[in-house]
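A structural walkthrough
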There are 2 protein chains.
Amino acid sequence: MSSAELPLPAEPGSKFLEEIREQPDALLRLLESGAAFARVAAEIRARGATTVRMVGHGSSDNAASYGVYAFGLLPHWTSLRDSISLTVYYGAELDMSGCTALALSQSGRTPDVVEYLRQAKRRGAFTVAVTNDASSELAREADAVLELRAGHEQAVAATKTYTNQLAALGLLAAHAAGEGDAFAAGIRGVAETMRELTASVEKRIANVARPFAYAGRMFVVGRGAEFATAREIALKLLETCRIAAEPLTATDLAHGPVAALDPLFPVWAIASDDATLPAVVEAVERAREAGATIVASGDAAESIPGADYVLASPRTGSPLLSPLLSILPGQLFAWALSRARGLDPDTPRGLSKVTLAR
Amino acid sequence: MSSAELPLPAEPGSKFLEEIREQPDALLRLLESGAAFARVAAEIRARGATTVRMVGHGSSDNAASYGVYAFGLLPHWTSLRDSISLTVYYGAELDMSGCTALALSQSGRTPDVVEYLRQAKRRGAFTVAVTNDASSELAREADAVLELRAGHEQAVAATKTYTNQLAALGLLAAHAAGEGDAFAAGIRGVAETMRELTASVEKRIANVARPFAYAGRMFVVGRGAEFATAREIALKLLETCRIAAEPLTATDLAHGPVAALDPLFPVWAIASDDATLPAVVEAVERAREAGATIVASGDAAESIPGADYVLASPRTGSPLLSPLLSILPGQLFAWALSRARGLDPDTPRGLSKVTLAR
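Note that the structure is a prediction, hence the values are computed from the model and not measured.

So, on to the packing of aromatic side chains. Going through the model one piece at a time under the given rule, you end up with 12 aromatic pairs over all chains. Summarising the aromatic geometry, the rings of Y69 of chain A and Y90 of chain B are spaced 5.7 Å apart at their centres and angled 70° between planes, so their arrangement reads as edge-to-face. Residue Y69 of chain A is found in helix α4 (residues 59–73), and its partner Y90 of chain B is found in the loop between α5 (84–88) and β3 (99–104); the two belong to separate chains. Accessibility assignment for this pair places Y69 of chain A and Y90 of chain B in one class, buried.

Below is the structure:
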C-alpha cells in the first residue's frame, strides 16, 4: 500500500467534537426507551423506595448533582450523592430499605461503583444501573437497568454520555411524578434547539477561547440545577485543557474563594432565568470588583452585567431542561481551548476511557 | 497620648495563628456542654428523625462532609449535605418528616442557612442549630441549639470553629449511638495530642511552605472522613494564600483531573490508616508519575512512598478522631505560606467574618 492510500491521522479533538455534535441524536435515542423509565419509576413507587442514593465518579457524579434537583422538584423525593467510601471501604451498616440506589457509570465497569451497588442491594435498597453498556457487570448486578443509548463514546472526556445521564435522571424523575410524557416532549424540543446552538457556538467559540490560551486557573460558578453544569465544565477544562478549574456555587464563592480572585483568575458564570439568578449576579459583581475576566453562559447570560464574553443558550422554561443546553458552550469552549493550547482533547495524557482506579 | 504609647500594629496572621493554637482549649470547652449533645441525640431518637440533613457554607459545609461519616459510622444513620437552593430558592415541597435539619453557621447569621432552617421546620423536620452564637437568629429559630463554644473567632479564615464543628458532629453522632462518653474521652485525648502537634509543626512549617511561595494551583486529596480535611485545607489555601486549590477524593483524581498534573501542579495527600489508604497511595503514585511535588499528611503520611514533604499526625485509632488532628498541618501551612507570599491571613482581601451574601 502506498503512503497515498494510508488513512489520514485523525485531527486532534475530532472525536470529542463529533460526539458533542451527536448529542441531539443521542437524546432522541434515549427517548425511544421511555417505557423502561416509566416501568422503573412505577417499581420505585410500588416498593416505596423513594429516597434516592446516587453514586458515580467524574461526569457521572456531576450528573448526580442534577439528579438531586430532578427528584426534588418533580416527585419531591429526597435524593443524595451518596458516599461510596462509607459503604464500600468503611462497611457502615446503613439501613437502605426505603431507598433506591442509582449507580451511574458509562462503562458499567467502575469497580467501586459496582461494589457499592452490590452492598446497597444487601442492605435492602432497590438497585438501578444507569449505564451505556447493558451487558456490563454493573447492569448484571442491578435489579433494573436504564440504558443510556448514547452510542459508543470514543473521546476520553465524556460529552454525550453526560447529557444522556441528565436526560435519564430527569426522565425517571418525571415519570415518578406522572409527568413523563411532557418531559419527553421537552427533551425532544431541546434536541432540536441543541442542533442550532451547536452550529452557532461552534462557529464563534475559537475567538472566545483564544484569549484564555495562557490561563492557569478558573472558577466556574453555577447554582441550583446548573451547579451540575458548573462541575461538568470545570471537569472538561481540567481534563482537556489542564486548567485548574474549580466549580463553586454562587454563595460558596463569597465564603472564602473570592479572596483568591485577581485579573489573572477568570470566572465562568452560568446564569439561569430562575430564583437562583440574584445570587449568581451578586457573585459575578464581586468577581468583577477583583478584576476577574468574566465568561457568562446559561439562559440568563445576558442578565450578567459587564461580562467580557457571553455564550447564551436559549430559554427552555424549565430549570430541569436548561442544563441540557447550557453545558454545550462549555464543551465547545473546552474543545477550542484545548486545540489553542496544542493539546488533544480526544486523548488527555494519563487518562483512559474506562477508569479502573479504586 | 504620645506615639510611644500607641499599641503596636498586630503582626499579620497573628490572630489566625493564635486561634490555631487555641484549638485544644476550644475542644475542652465544647466537652463541658456534653449534656446538651446527649439531650439532642435522645430527642432525635425519640422523634425518629434519623435522616440528618446538614447545611452550611464554606468551612461549615466542609464540616458537614465529616458529619456524613460520623452519622453513618456511629448510629448508622443516613445523612446528607442538603441542597439549600432546592428548598430556599426553588421551594421544592420535600417531606422532611423523619428528618433532622442540622444547620451549621459559626455566626448564626448566614441568611440562606437561616431561611433553610425555617423552611425545614415548616416541612416537618426537627431543627438543630450548631453555632458559636447561642443568641443568633439561627439559634432563635431552631428547635434545639448546640453551642460550639469555640470563643470569639477574629481571623476571617475559620480554624477553631471548624474543629469544634467536627467535634460537635462527632459527639452528637456518638451520643446517638450510645457511645458519647467514649467519644468525649477520645476528644480529650486528641486535645492534648494537638497541643504537642501544634508546637512541633509550627517550628518547622515555614521550611515546608517556602518552596510553594510561587505555586498557583494545587490538588488536595483525601478520602472518606478525611475528605472533609481535604476540603478545609483547600479552602484555607484559597482564602489565605490565593492558591487555586481544589479538593478531590482519591478516585475523583483518577477520573479526569489527573490529566492536568505536571511538575508545576503540586498535590497534597491526606493518608489515613484505614481502608481508604490504598486508593490514596494509588492516586499519589499517578501524581508522582506526572512529576507533581507531593505533600503527605494524615496519620498514615509515612505510608506515602516518595513524598517530598511529610507532615504526619499521630494515630488516634478512630477515623472520626483523626480529622481533628490532620487539619492542623494544613492550617499551619496556610499561615506560613500566606506570610511567605506577603499576605495577611487575618484579613484576606474581599472577605468579612460574617458572610451575608445570598
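More follows now that the structure is in view.
This paragraph deals with helix α2 (residues 23–32) of chain A. Residues three or four positions apart in an α-helix share a direction because the helix packs 3.6 residues into each turn. Residue and element names in this part refer to chain A. For α2, the full list of buried residues reads Q23, P24, A26, L27, L30 and L31. Along the axis of α2, the buried residues cluster in a sector spanning 160°; they form a single face. Structurally, α2 contributes buried residues whose contacts are with α1 (14–21), α3 (34–47), β5 (144–147), α8 (160–176), α9 (180–209) and α13 (322–340).

Residue and element names in this part refer to chain A. What you see with β5 is a clean split: A144 and L146 sit on the buried side and V145 and E147 on the side with no burial. Sheet analysis places strand β4 (residues 126–131) next to β5, joined by 4 bridges and oriented parallel. Looking across to β5, one finds that A129 is bridged to V145.

What follows deals with the interface of chain B and chain A. Think of interface size as the accessible area that goes away when the parts come together; that is how it is often given. Taken together, the contact between chain B and chain A spans 65 residues of the former and 65 residues of the latter. When the buried surface of chain B facing chain A is broken down by residue, Y90, H255 and A259 of chain B rank first, second and third, together holding 13% of it. Residue D112 of chain B pairs with R223 of chain A through a salt bridge whose shortest N-O separation is 3.1 Å. Applying the counting rule to chain B against chain A returns 20 residue pairs in polar contact (both at pLDDT 80 or more). Secondary structure elements with two or more residues in the side of chain B that touches chain A: α4 (59–73), β2 (79–81), α5, β6 (217–221), α10 (227–241), β7 (244–248), α11 (250–254) and α12 (277–289) of chain B.

Conventions adopted
Residues numbered from 1 in each chain as written. Chains lettered and ligands numbered in written order. Predicted model: local features only at pLDDT ≥ 70, side-chain atom pairs only at ≥ 80, totals over all residues. Heavy atoms only, no water. Phe/Tyr/Trp six-rings, centres within 6.5 Å; stacked < 30°, edge-to-face > 60°. Helix = DSSP H or I, 4+ residues; strand = E, 2+ residues; numbered from the N terminus. Buried < 20%, exposed > 50% of the residue type's maximum accessible area, 1.4 Å probe, protein only. Arc of directions from axis to C-beta. Contact = heavy atoms within 4.5 Å. Pairing = 2+ DSSP bridges. Buried area = accessible area lost by both parts, 1.4 Å probe. Salt bridge = Lys/Arg side-chain N within 4 Å of Asp/Glu carboxyl O. Polar contact = N/O pair within 3.5 Å; in protein donor to acceptor, adjacent residues only side chain to side chain.

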